[in-house]
Amino acid sequence: MKNIAVFASGFGSNFQAIIDAVDAHTLDANIALLVSDKPNCKAVERANTHGIDAFVFSSKDYENKEAYETAILQELQLRNVDYIILAGYMRFIGKVLLQHYPNKIINLHPALLPSFAGAHGIEDAYRYGVKVFGITIHFVDEGMDTGPIIDQFAFHAEEQDSLENIETKIHQLEHQHYPEVIHRVLQ
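No experiment lies behind these values; they were computed from the predicted model shown.

Undergrad: Would you mind going over the environment of Thr70 with me for this structure?
TA: When you line up the elements, Thr70 lands in helix 3 (residues 65-78). Given a relative accessible area of 32%, Thr70 falls into the partly exposed group. Measuring from C-alpha to C-alpha, the distance between Thr70 and Phe57 comes to 12 Å, with 13 residues separating the pair along the chain.

Undergrad: What is the right way to look at the packing of helix 1 (residues 13-23) against helix 6 (residues 163-186) in this model?
TA: Each pair of packed helices can be described by the angle between their axes along with the distance between the axes. Running from N to C, helix 1 and helix 6 cross one another at 55°; their axes reach a closest spacing of 9 Å. As judged from the angle between their axes, helix 1 and helix 6 are oblique. As helix 1 runs across helix 6, the sense of the crossing is right-handed. Counting all contacts with helix 1, which are made through Ser13, Asn14, Ala17, Ile18 and Ala21, the residues of helix 6 involved are Glu174, His175, Tyr178, Pro179 and Ile182. Of the residues assigned to the contact of helix 1 with helix 6, the class counts are six nonpolar, three polar and one charged.

Undergrad: Is there a simple way to think about unusual backbone geometry in this case?
TA: A negative phi angle characterises most non-glycine residues, just as the trans form characterises most peptide bonds. Going from Leu113 to Pro114, the amide bond is cis rather than trans, its omega being 15°. Mapped onto the secondary structure, Pro114 falls in the loop between strand 5 (105-109) and helix 5 (121-128). Its identity as a non-glycine residue notwithstanding, Asn80 has a phi of 50°, on the positive side. Assignment of secondary structure puts Asn80 in the loop between helix 3 and strand 4 (83-86). Residue Asn80 is classed as exposed on the basis of its relative accessible area, which comes to 55%. Positive phi, normally seen in glycine, also occurs at Asp145, with a value near 60°.

About the cut-offs
- Residues numbered from 1 in each chain as written.
- Predicted model: local features only at pLDDT ≥ 70, side-chain atom pairs only at ≥ 80, totals over all residues.
- Heavy atoms only, no water.
- Helix = DSSP H or I, 4+ residues; strand = E, 2+ residues; numbered from the N terminus.
- Buried < 20%, exposed > 50% of the residue type's maximum accessible area, 1.4 Å probe, protein only.
- Axes fitted to C-alpha atoms, helices over the stretch in contact; angles between N-to-C directions.
- Parallel < 35°, antiparallel > 145°, perpendicular 65-115°, else oblique.
- Left-handed = near helix turned anticlockwise from the far one by under 90°.
- Contact = heavy atoms within 4.5 Å.
- Nonpolar A, V, L, I, M, F, W, Y, C, P; charged D, E, K, R; others polar.

Next comes the structure, spelled out in structure tokens:
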């Protein structure tokens, strides 16, 4: 069984989907650590509720990205983490982690890459007027949402779909497919 670390900065609904999949034995992994840059976020609360170790940091406490990534790396190595799973982590992954986890950092993006990369993928796609929305699960490289694509899942928008409806449908896809794709990669 592989040890994974989940990185999250917010509500943590995808983190919860991963926890649920592990509990249901549909994701064969051990969640060894949650890493978060937001001490009061819901993801940290979820980790505490489920007895999952959390490493919470503030980038302001470190000289630079290399320094806080080195501190994260030490926590990962203490727990023999095999893969890093990004679940709403709103920071770029830097060279320290990329060098130690080549092709072992997985991200979930709420749009069909390579279109609509960045922090506002759903809203950008909606405003552009696309008719097909979806999610992309990909390996992380040094670019923004540019790593090799592992899988994508899509749906056709209905004429009456609001941005909120689209967001709900995207989250449903994420919660359903992210844990199963992680499981497939770990195998």
